[in-house]
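Structural overview
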Amino acid sequence: MIIDTHVHAGEYYRHYSARFAQQMTATTDLAPEDLSAPEAKLLAEMDAAGVDRVFLLAFDVRRVEGFSVPNEFVADLCARHPDRLTGFASVDAGTPGAAERLSEAVTDLGLRGLKTAPCYLRMSPADRRWYDVYETASDLGIPVLIHTGYTPSRQADPRFFSPLLVEQVARDFPDLTVILAHLGTPWTGPCVELLARHANLYADLSIFGSYQSLPTVAKALAHARGSGVLDRLLWGTDFPFASMTGSVTRMAELARDPGPWPDDSPPLSPREYEALMGGTAARLLASAAPHAAPAPRPNR
Ligand SMILES: [Zn+2]
């Protein structure tokens, strides 16, 4: 079972602003139009890469960036492909009623997680305005995926890039499952050590695993293995910002070739590879949903 835990719904002309799309792709080989991931393109990429399921993310940054990928849009896609897509809602704690919107997205729309973008919203993930949102997520039994690390968006606030800001959240909500996006790139070492301090924290490899050199990725995985947290890392891509096919190929190489690995650390074992590529994500979804999932409402 291969699960990509970090995939963006949304289409360039329909959702993203031109400014955002330009800034996000300026230093890559991508064109702004490549940020579009309509249904057919998403499913074709999953099939080509052998990906069984993805966590499909809404993205609410309207207050700062002037656009959002709405919860309803993600819920519609997930209702059409419940066997392939697990939807994550997104809310902005800087606007009133965020906790209620999350509650509705889970109870009425059938979404199964929350994605937040604190630095894009110029807020710390530990800002007290998030606390009733975290409380609600904890009550609903859903995981919270928090953007951590660098972003090329120039509207974002770099004071809030650090994954270490999540430590206070991990302490204050010990029952909340939190996933740190991008392994906190470029602070991947401190991010691994943060996971070692808090059993409720996970991290995804999106962007980091696709764009860093294989020795850099292997070194981070070896550090995670040595710190006892490799079983809380989740493979993900950030598609369409990175390809699934390319990333699956790279991960398979890290399971086969000792070349990129440090001398004292072997390649991923079959068991480690299976956990990283989807086993842990499947377990997390199953255990993080103690409440019966409501039937998704199609065609809203
Ligand atoms: Zn992302």
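What you see is a predicted model; the values in this text were computed from it and never measured. For every chain, the first residue of the written sequence is number 1, and numbering continues from 1 onward in sequence order. For a predicted model such as this one, the threshold for reporting local features is a pLDDT of at least 70, and the threshold for listing and counting side-chain atom pairs is 80 or more; totals across whole chains, interfaces and linings nevertheless cover every residue. Excluding hydrogens and water, the side-chain figures rest on all heavy atoms present in the structure.

**Quick notes on the overall build of the protein chain**
Strands are runs of DSSP state E lasting at least two residues, helices are runs of H or I lasting at least four, and both sets are numbered from the N terminus onward. Helices and strands together make up the secondary structure of the protein chain, namely 12 helices and 10 strands. All radius of gyration figures rest on C-alpha atoms, and the globule criterion is 2.2 Å times the number of residues raised to 0.38. Here the C-alpha atoms of the protein chain give a radius of gyration of 18 Å, agreeing with the 19 Å that 2.2 N^0.38 yields for 300 residues. Structurally, the protein chain occupies a C-alpha span of about 50 × 40 × 40 Å along its principal axes. Restricting the contact set of the protein chain to residue pairs at least 6 apart, pairs at least 24 apart contribute 76%. Total accessible area on the protein chain is roughly 11900 Å²; 52% of this is exposed by carbon and sulfur atoms. A positive count includes Lys and Arg, and a negative count includes Asp and Glu. His and the chain ends are not counted in either. In plain terms, the charge of a residue is placed at NZ if it is Lys, CZ if Arg, CG if Asp and CD if Glu. Put simply, the protein chain has 27 plus and 36 minus side-chain charges, and the middle of one group is 3 Å from the middle of the other. What makes two residues a contact is simply this: any of their non-hydrogen atoms within 4.5 Å. Each accessible area is a Shrake-Rupley estimate made with a 1.4 Å probe; only the visible protein chains count as cover when residues are assessed.

**Examining the coordination of the zinc ion**
In this listing, donors mean N, O and S atoms no farther than 2.8 Å from the metal, or 3.2 Å for Na, K and Ca; water is missing from the atoms, so a site can look incomplete. Listed as protein donors to the zinc ion are His6 (NE2), His8 (NE2) and Asp238 (OD); their distances from the metal cover 2.1 to 2.2 Å. Between consecutive donor residues of the zinc ion, the sequence gaps follow H-x1-H-x229-D. Taken together, the residues His8 in strand S1 (residues 3-8) and Asp238 in the loop between strand S10 (233-234) and helix H11 (244-256) connect sequence positions 230 residues apart.

**Quick notes on the packing of helix H8 (residues 188-197) against helix H10 (residues 214-226)**
Look at H8 against H10: their axes get within 10 Å of each other, and the N-to-C directions meet at 20 degrees. As judged from the angle between their axes, H8 and H10 are roughly parallel. Seen from above, H8 lies across H10 with right-handed handedness. Contacts between H8 and H10 involve Gly189, Val192 and Glu193 from the first element and Ala220, His223 and Ala224 from the second. In this count, Pro and Cys sit with the nonpolar residues alongside Ala, Val, Leu, Ile, Met, Phe, Trp and Tyr, while Asp, Glu, Lys and Arg are called charged and the others, Gly among them, polar. Classifying every residue of the contact of H8 with H10 by side-chain character gives 3 nonpolar, 2 polar and 1 charged. Between N-to-C directions, angles cover 0 to 180 degrees, with each direction set by a line fitted to C-alpha atoms, over the stretch in contact for helices. With respect to orientation, any angle under 35 degrees is reported as roughly parallel, any angle over 145 as roughly antiparallel, any angle of 65 to 115 as roughly perpendicular, and every other angle as oblique. Crossing handedness is read from the near helix: turned anticlockwise from the far helix by less than a right angle, it gives a left-handed crossing, and turned clockwise, a right-handed one.

**Examining H8**
Here H8 has its buried residues at Thr188, Gly189, Cys191, Val192, Leu194 and Leu195. Buried-residue contacts for H8 involve helix H7 (167-172), strand S8 (178-180), strand S9 (201-204), helix H9 (208-211), H10 and S10. When accessible area is computed with a 1.4 Å probe and restricted to protein chains, residues below 20% of their type maximum are described as buried, those above 50% as exposed, and intermediate ones as partly exposed.

**Quick look at the nonpolar core**
Counting residues in each nonpolar core, the largest one holds 95 residues, and the members touching the most others are Leu56, Leu102, Leu221 and Leu233. Here the element with the most residues in this core is H10; it accounts for 7 residues. In contact with Leu221, other than residues within four places in its own chain, are Leu205, Leu230, Leu233, Leu254, Trp261, Leu268 and Leu276. For the purposes of this section, nonpolar cores are sets of buried Ala, Val, Leu, Ile, Met, Phe, Trp, Tyr and Cys residues that join through side-chain atoms within 4.5 Å. Judged by nonpolar contacts, the second largest core, of 12 residues, contains Ile3, Ile179, Tyr202 and Ala281.

**Some remarks on the packing of aromatic side chains**
Stacked, tilted and edge-to-face pairs are distinguished by plane angle, under 30 degrees for stacked and over 60 for edge-to-face with tilted covering the rest, among Phe, Tyr and Trp rings (Trp via its six-membered ring) whose centres lie within 6.5 Å. Within the structure shown, the criterion is met by 13 aromatic pairs. Pairing Phe20 with Phe67 gives two aromatic rings, centres 4.8 Å apart and planes at 55 degrees, and the pair type is tilted. Within this pair, whereas Phe20 is found in helix H1 (residues 18-25), its partner Phe67 is found in the loop between helix H3 (62-65) and strand S4 (68-69), the two being separated by 47 residues in sequence. Relative accessible area serves as the criterion here: at 1%, Phe20 is assigned to the buried category. Taken together, the aromatic side chains of Tyr16, Phe20, Phe59, Phe67 and Tyr120 make up a single cluster linked through ring pairs.

**Regarding the layout of surface pockets**
Using protein atoms alone on a 1 Å grid, points that fit a 1.4 Å probe yet trap it form a cavity, whereas open point sets bounded by protein on both sides within 12 Å along at least five of seven lines form a pocket; residues with an atom within 4 Å of a point count as lining. Grid points are joined across faces, edges and corners, and a volume is the space filled by probe spheres set on the points. Taken as a whole, the largest pocket spans an internal volume of roughly 520 Å³. Lining the largest pocket are 25 residues, and of these Tyr150, Thr151, Pro152, Ile207 and Asp238 lie nearest its centre. Those elements that place two or more of their residues in the lining of the largest pocket are S1, H1 and H9.

**Here we look at the sheet that holds S1**
Judged by pairing direction, the sheet is parallel, and its 8 strands sit side by side in the order S1-S2-S5-S6-S7-S8-S9-S10 without closing on themselves. The open sheet terminates on both sides in strands that have one partner only, identified here as S1 and S10. Two strands pair when backbone bridges link them, and S1 and strand S2 (residues 53-57) are joined in this way by 4 bridges, in the parallel orientation. Opposite Val7, over in S2, you have Leu56 as the bridge partner. In this description, strands pair whenever DSSP reports at least two bridges between them.

**Focus on the pairing of strand S6 (residues 113-116)**
Side-chain alternation along S6 places Gly113 and Lys115 on one buried face and Leu114 and Thr116 on a second face that is also buried. When strand S5 (residues 85-90) meets S6, the two strands line up parallel, connected through 3 bridges. Bridge pairing in S6 places Ala89 opposite Leu114. A clockwise path from the first strand over the helix to the second, with the strands pointing away from the viewer, defines a right-handed crossover. In this view, the connection linking S5 to its parallel neighbour S6 by way of helix H5 (residues 98-107) has right-handed handedness. Of the pairings in the sheet, the one linking S6 to strand S7 (residues 144-146) comprises 3 bridges and is parallel in character. If you follow Thr116 over to S7, its bridge partner there is Ile146. Between the parallel pair S6 and S7, the chain is carried across by helix H6 (residues 131-140), and the sense of this crossover is right-handed.

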